[in-house]
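# Coordinate inspection notes
Here's the letter readout for the chains.
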Amino acid sequence: MTEVTSFEGRRPPPDGFLSGLEERFGDQLQTGQAIREQHGSSESHFVKMVPDAVVFAQDKQDVIDLVRFCAAANVPIVPFGAGTSIEGNAAAPFGGVSLDMSRMNRIIAVNAADFDCVVQPGVRREELNQHLRDQGLFFPIDPGANATIGGMASTRASGTNAVRYGTMKDAVLGLEVVTPQGEVIRTARRARKSAAGYDLTRLYVGSEGTLGIITEINLRLHAIPEAISSAVCSFATLEGAVETVVQSIYCSVPLARVEILDALQMRAVNRWSKLDYPEAPTLFFEFHGTRAHVAEQVATVEALASANGGGDFAWSDKPEERSRLWRARHEAYYAAINLRQGAVGWATDVCVPMSRLAECMLETQKDLSQASVPATILGHVGDGNFHVVFSLDPDAPDELVEVEAINRRLVERALAMDGTCTGEHGIGLGKQDWLVAELGNAVEQMRLIKRAFDPQNLLNPGKIFTL
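Residues numbered from 1 in each chain as written. Predicted model: local features only at pLDDT ≥ 70, side-chain atom pairs only at ≥ 80, totals over all residues. Heavy atoms only, no water.

## Some details on the side chain of His288
Heads up, the condition is: Here a strand is any run of E in DSSP of at least two residues, a helix any run of H or I of at least four, and the numbering for each starts at the N terminus. A 3.5 Å cut-off defines polar contacts: any pair of N or O atoms within that distance qualifies, except that in protein one atom must be a possible hydrogen donor and the other a possible acceptor, and neighbouring residues in sequence count only when both atoms are side-chain atoms. Should any heavy atoms of two residues lie within 4.5 Å, those residues are counted as being in contact.
Note on placement: His288 falls in strand 16 (residues 282–289). Engagement of the side chain of His288 in a polar contact is seen with the side chain of Tyr165, the distance being 2.8 Å. Once residues within four sequence positions are removed from consideration, His288 is found in contact with Phe138, Asn161, Arg164, Tyr165, Pro225, Ala227, Ile228, Ala256, His293, Val294 and Gln297.

## Focus on the nonpolar core
Put simply, the rule is: Here the nonpolar core consists of buried residues drawn from Ala, Val, Leu, Ile, Met, Phe, Trp, Tyr and Cys, with membership extended through side-chain atoms lying within 4.5 Å. Think of it in three bands: with a 1.4 Å probe and only protein chains considered, a residue is buried below 20% of the maximum accessible area for its type, exposed above 50%, and partly exposed in between.
In this structure, Leu283, Phe285, Met361, Phe386 and Phe390 are the most contacted members of the largest nonpolar core, which totals 53 residues. With residues near it in sequence (within four places) discarded, Phe386 still touches Thr348, Asp349, Val350, Leu357, Cys360, Met361, Thr364, Ile377, Leu378, Gly379 and Leu410.

## Brief notes about the layout of surface pockets
Unoccupied space between atoms shows up once a probe the size of one water molecule is rolled over them. Basically, it comes down to this: Of the two site types, the cavity is a set of points on a 1 Å grid over the protein atoms alone where a 1.4 Å probe fits but cannot get out, and the pocket is an open set with protein on both sides within 12 Å along at least five of seven lines, each lined by residues with an atom within 4 Å of a point. Grid points are joined across faces, edges and corners, and a volume is the space filled by probe spheres set on the points. Three residue categories are used. Nonpolar comprises Ala, Val, Leu, Ile, Met, Phe, Trp, Tyr, Cys and Pro, charged comprises Asp, Glu, Lys and Arg, and polar comprises the others, including Gly.
As a volume, the largest pocket reaches approximately 930 Å³. Considering the residues around the largest pocket, the lining is formed by 45 residues, among which Thr84, Ser85, Ile86, Ala145 and Ala147 are closest to the centre. Looking at the lining of the largest pocket, the elements that each hand over two or more residues are strand 5 (77–80), helix 5 (149–154), strand 12 (213–220), helix 12 (319–330), helix 13 (332–337), strand 19 (375–380) and strand 20 (385–392). When residues of the lining of the largest pocket are assigned to their parent elements, the largest contribution, 4 residues, is made by helix 5. Taken together, the residues of the lining of the largest pocket break down into 19 nonpolar, 20 polar and 6 charged. Within this model, the second largest pocket holds a volume of roughly 760 Å³. In this structure, the second largest pocket is lined by 24 residues; those nearest its centre are Asn129, Arg133, Arg257, Arg322 and Ser323. Put simply, the parts of the chain that give the lining of the second largest pocket at least two residues each are helix 4 (125–132), strand 9 (137–138), strand 16 and helix 12. Take the lining of the second largest pocket: its biggest share by element is 6 residues, from helix 12.

## Observations regarding helix 4
To keep it simple, the criterion reads: Of all possible arcs, the one meant is that of the directions from the helix axis to the C-beta atoms.
Regarding helix 4, the residues found buried are Arg125, Leu128, Asn129 and Leu132. With its buried residues spanning 95° around the axis, helix 4 presents them on a single face. Lining the buried residues of helix 4 we find strand 7 (107–111), strand 8 (116–119), strand 9, helix 5, strand 12 and helix 12.

## Some details on the sheet that holds strand 7
The criterion, for reference: Strand pairing follows a simple DSSP-based rule, namely that at least 2 bridges must link the two strands. Fitting a line to C-alpha atoms yields each axis, with helices limited to the stretch in contact; the angle taken between N-to-C directions then spans 0 to 180 degrees.
Ordered in space as 7-8-12-10-11, the 5 strands form an open sheet in which the pairing is antiparallel. Every other strand in the sheet has two partners, leaving strand 7 and strand 11 (184–186) as the edge strands with one partner each. The sheet shows a mean angle of 15° between the axes of neighbouring strands, direction not considered. Relative to strand 12, strand 8 is paired through 4 bridges, and the arrangement is antiparallel. When the sheet's bridge partners are listed, Val118 is paired in strand 12 with Asn218. Against the sheet, helix 4 touches strand 7, strand 8 and strand 12, its axis set at about 45° to strand 7.

## Thoughts on the state of the cysteines
Basically, it comes down to this: In what follows, a disulfide is any cysteine sulfur pair within 2.5 Å.
For the structure shown, the criterion picks out 0 disulfides. Here Cys251 stays free of any disulfide, with the sulfur of Cys233 as its closest cysteine sulfur at 16 Å. Note on Cys421: no disulfide assigned, nearest cysteine sulfur contributed by Cys351 at a separation of 11 Å. Look at Cys421 and you get buried, because its relative accessible area is 1%.

Read these as geometric descriptors, not functional statements.
Here it is as structure tokens:
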């Protein structure tokens, strides 16, 4: 991976711009090579696309001042959370300023009686749940990485709990946003529903920082269940595992989490997390509810699994054992990459209707079995979303060509099944052509919105689509 030093349309900041930033922001401004490379890197295979400077915002006024400063100089701004995005969402192909929101990490209010809270964008999801635990509440959206809430809102993240609790579009009740003109707007009040005008909240959620910069988020919370139980079950076939999930949903079992890992992914997880599960297609379950309700769910799913070639369930009700299990699932991406020493990862995802999920996964597995590059399947099968993680040799360009072809077939397969090119990673840099293939001329409507909101094209330019 090398730094991109030139990009069509990239230009250096105007004379006096960086010195002006330093005068306003002092040591909140960083221009060192290492910090810029960190903010121009991705969790995936993309080359480094490095900003000209990094500014660490400490409050809303910092965001307002930076936006106005950059607008006057026509310099791009790329909002940055934890840097855990997959599709190059926070890279800086046009340079400019990376606006790091990690220091805006205050939990502003918890309204326990209303099951909601207000946080700044730099709050991490694990930190939020630690804060909420004593009040009997939790925030359920869990993309795996300890991402920032602002980043999760910007990419419309979801994750392991989405089958029961939905995605960030369901969790975000309202936002405070700084517009590309440096004005502050609120998209909603705290009422649980409203018919007042356009739904700006959901317009900003998933916009990847291209329309505005989020400075506060009002989130929906949930009560911690009376009983939580996790289980692991291996299967003779991938098809049997998928069918168990589909049948469980058709039987109205309210699964809290259900994750699938193929045989190679289980081998990687065992090696990485020092576990000893069978190296076979495997489901990780979690059930929430009253003790009686959880027992009823468990009995139903065990019966379905047995009929579909599942083995014995390995159960755990102990928090430390459940944490170890889900930590292993969350680190599955790194486990898959490290099937090869010195490899880099390429992670991709699609989502299809549940009735087509088994077919899509099995055809994908057949494709991967013929590949020269190690690749694993894992995913949130409860909502039809699964991932493929390739372990690439960074010094073998032929592998990149091969993986691009496999990824193309995967996305074409999902679209042919009336699915989507991305269930949760977002478009970023990596899936712009597929967005057009998926939505056609609706993308031009997105461009019209972008031009209306951000006529200078300053906020995260080059992401989602080109203008």
